[in-house]
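Single-letter residue listing:
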Amino acid sequence: EIVALRPRARHLIRALGPAAAHIDRMFSSSAEELKPYCGYYFYYYYTPSRPGMIRRSLLRITAYKGIYYTYLSERLQPEESPLGRSHFVRYVGVATMLGGRIFIVDHNARALRSISQTILFPSTSDEPQFLTGMTLGVQGRSARAPFAAQVFLEYLGRQTDTRAAMRQTGIFAADSRDLPRNVVRMLSVGGA
């Protein structure tokens, strides 16, 4: 169906070669397992661009035709932006569950300069209250240095007021009253 609608997809399938069938099986086998994880999350981690500071972003996991997609929005504040004003950076990706772990592979939607990967431990309850794991990526600043960080995801629900949630994103000092204490505690377990 994709090949018939989009000729460029043929190049992708050809480039993947024998891996195409494995990737297709990987996504289809995790479709049911990922259903409970659809929704919105606050995504926390110690940002490498501002040592000692915690970034809170907004992540959405959603399904379309059996594939799970992710949308991560980060608000850059004026002091960290080359533009000198607040703006958003958005990452798009795909998610799958393998071996009891959730894998997310994403990239900056505007600047195709790197790929990031996040690995999450699934929730032990029926509805995810929080998820923990690690992310591996490249700094957004000019240094472009690779980094790894512990992540903590706080589940907001299947639906949320995205404007209100986006207003709560940004960079915070670890002792900020705007951050839940359990988030800081969980991120501090692995060190800042």
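The rules we used
- Residue indices begin from 1 for each chain and proceed along its sequence in written order.
- Reporting in this predicted model follows two pLDDT cut-offs: at least 70 for local features of residues, and 80 or more for side-chain atom pairs to be given and counted; totals over whole chains, interfaces and linings ignore these cut-offs and use all residues.
- Where side-chain values are given, they derive from all heavy atoms of the structure, hydrogens and water being excluded.
- Here a pair means two rings of Phe, Tyr or Trp (six-membered ring of Trp) with centres within 6.5 Å. Their orientation is stacked below 30 degrees between planes, edge-to-face above 60, and tilted elsewhere.
- Strands here mean DSSP runs of E at least two residues long; helices mean DSSP runs of H or I at least four residues long; both are numbered from the N terminus.
- Three labels apply to residues, based on accessible area from a 1.4 Å probe with only protein chains included: buried if under 20% of the type maximum, exposed if over 50%, partly exposed otherwise in between.
- Put simply, a nonpolar core is a bunch of buried Ala, Val, Leu, Ile, Met, Phe, Trp, Tyr and Cys residues held in one set by side-chain atoms that sit within 4.5 Å of each other.
- Whether two residues are in contact is decided by their heavy atoms, any of which lying within 4.5 Å being enough.
- By definition here, a salt bridge exists when the distance from a side-chain nitrogen of Lys or Arg to a carboxyl oxygen of Asp or Glu is within 4 Å.
- Scored between 0 and 100, pLDDT is the confidence that the predictor attaches to each residue.

Evaluated as defined, the whole model comprises six aromatic pairs. Their ring planes at 55° and their centres at 5.1 Å tell us that Tyr41 and Tyr155 sit as a pair that is tilted. Of this pair, Tyr41 sits in strand β1 (residues 39-46) while Tyr155 sits in strand β8 (residues 146-157), and the two are 114 residues apart along the sequence. Arranged with centres 6.4 Å apart and planes meeting at 55°, the rings of Tyr44 and Phe152 form a pair that is tilted. On the criterion of sequence distance, the pair formed by Tyr44 in strand β1 and Phe152 in strand β8 is long-range, its members being 108 residues apart. By the burial criterion, Tyr44 is buried, and Phe152 matches it.

A separate point is the nonpolar core. Counting 25 residues, the largest nonpolar core has Tyr41, Leu59, Ile102 and Leu153 as the members making the most contacts within it. Listed by contribution, the elements that provide at least two residues to this core are α4 (31-34), β1, β2 (53-64), β3 (67-76), β4 (87-98), β5 (101-108) and β8. For this core, the element with the most residues is β8, which contributes five residues. For Leu59, the contacting residues outside a window of four places in its chain are Gly39, Tyr40, Tyr41, Tyr43, Thr70, Tyr71, Leu72, Ile104 and Leu153.

This part covers the pattern of salt bridges. Within the structure shown, the criterion is met by two salt bridges. Salt-bridge contacts for Glu32 lead to Lys35; the nearest nitrogen and oxygen are separated by 3.2 Å. Exposure remark for Lys35: the relative accessible area of 42% places this residue in the partly exposed category.

With that settled, consider the environment of Pro122. Tracing the backbone through its elements, the reader meets Pro122 in the loop between β6 (115-121) and β7 (130-138). Considered as a pair, Pro122 and Pro36 are 86 residues apart in the sequence and their alpha carbons are 10.0 Å apart. When near neighbours in sequence (up to four residues on either side) are disregarded, Pro122 contacts Tyr37, Met97, Gly100, Arg101, Ile102 and Leu131.

All right, on to the confidence of the model for the protein chain then. Mean pLDDT for the protein chain: 83, with 82% of residues reaching 70 or above. The spread of mean pLDDT over the elements of the protein chain runs between helix α1 (residues 2-5), the lowest at 46, and β1, the highest at 96. The low-confidence segment residues 1-5, where pLDDT is below 50, has five contacts with residues more than four positions distant or belonging to other chains.

Relative to the helices and strands, Ala173 resides in strand β9 (residues 170-173). Along the sequence, Ala173 and Arg55 sit 118 residues apart, while their C-alpha atoms lie 8.9 Å from each other.

Quick look at the side chain of Ser73 now. Mapped onto the elements, Ser73 comes out in strand β3. Residues in contact with Ser73, not counting those within four places in the same chain, are Ser57, Leu58, Val89, Arg90 and Met166.

Moving on to unusual backbone geometry. Non-glycine residue Lys65 carries a positive phi angle of around 50°. With respect to the secondary-structure elements, Lys65 resides in the loop between β2 and β3. Residue Lys65 is classed as exposed on the basis of its relative accessible area, which comes to 63%.

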